[in-house]
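Breakdown of the fold
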Amino acid sequence: EYAATAANFKIETPKLVHGIGEWTEWTDAVWDCIKLMGFVSGSEFTLKEVYSAEPVLQRIYPDNAYIKDKIRQQLQIMRDCGRLEFVDNLGQYRML
């Protein structure tokens, strides 16, 4: 019988480095917008507040016609990388 021990498991934490996982320049851009809004670790914010960065992101990515979709995708990546958590299913987030 196999006995599970801590030595049998390798736990990797997400790294916020380009090329690792799904964190991209897009994620950086959305993350920078959130930080420029003044949110810090522990702050809660809404999807609507992040959507207010849409004009800025549109200037950075003029060929993208789906900025709001991209914002939501990047928030999921940030969650998966441990940088924020979804507080509820109503568009409330918390920076970690």
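Reading the values: the criteria
Residues numbered from 1 in each chain as written. Predicted model: local features only at pLDDT ≥ 70, side-chain atom pairs only at ≥ 80, totals over all residues. Heavy atoms only, no water. Core = buried A, V, L, I, M, F, W, Y, C linked by side-chain atoms within 4.5 Å. Buried < 20%, exposed > 50% of the residue type's maximum accessible area, 1.4 Å probe, protein only. Helix = DSSP H or I, 4+ residues; strand = E, 2+ residues; numbered from the N terminus. Contact = heavy atoms within 4.5 Å. Axes fitted to C-alpha atoms, helices over the stretch in contact; angles between N-to-C directions. Parallel < 35°, antiparallel > 145°, perpendicular 65-115°, else oblique. Nonpolar A, V, L, I, M, F, W, Y, C, P; charged D, E, K, R; others polar. Phe/Tyr/Trp six-rings, centres within 6.5 Å; stacked < 30°, edge-to-face > 60°. pLDDT = per-residue confidence, 0-100.

A word on the nonpolar core
Within the largest apolar cluster, 24 residues are counted, with the highest numbers of intra-cluster contacts made by Val30, Ile34, Phe45, Leu57, Ile71, Leu75 and Met78. Among the secondary structure elements, those contributing two or more residues to this core are α1 (25–36), α2 (47–51), α4 (67–80) and β3 (92–95). Residue contributions to this core peak at six residues, all from α1. Aside from chain neighbours lying at most four places away, what touches Phe45 is Ile34, Phe39, Val50, Leu75, Leu84, Gly91, Gln92, Tyr93 and Met95.

Observations regarding the packing of α1 against α4
One can describe the packing of α1 onto α4 by two numbers: an axis separation of 9 Å at closest approach and a directional angle of 90°. Relative to α4, the element α1 lies roughly perpendicular. Across the interface between the two elements, Trp26, Thr27, Val30, Trp31 and Ile34 from α1 touch Ile67, Lys70, Ile71, Gln74, Leu75, Ile77 and Met78 from α4. Grouping the amino acids of the contact of α1 with α4 by side-chain chemistry returns nine nonpolar, two polar and one charged.

Some points on the packing of aromatic side chains
Here a ring pair, both rings aromatic, is described through the centre-centre distance and the interplanar angle of the planes. This structure, assessed with the given rule, holds five aromatic pairs. For the ring pair Phe39 and Phe45, a centre distance of 5.0 Å and an interplane angle of 35° mean the geometry is tilted. Residues Phe39 and Phe45 agree in their burial class; the two are buried. Between Phe45 and Tyr93 the ring centres are 5.6 Å apart and the planes differ by 20°, which places this aromatic pair in the stacked class.

Considerations on the confidence of the model for the protein
Chain-level pLDDT for the protein is 85 on average; 78% of the residues reach the 70-or-more range. Below pLDDT 50 for its whole length, residues 1–15 participates in six contacts with residues either more than four positions away or in separate chains.

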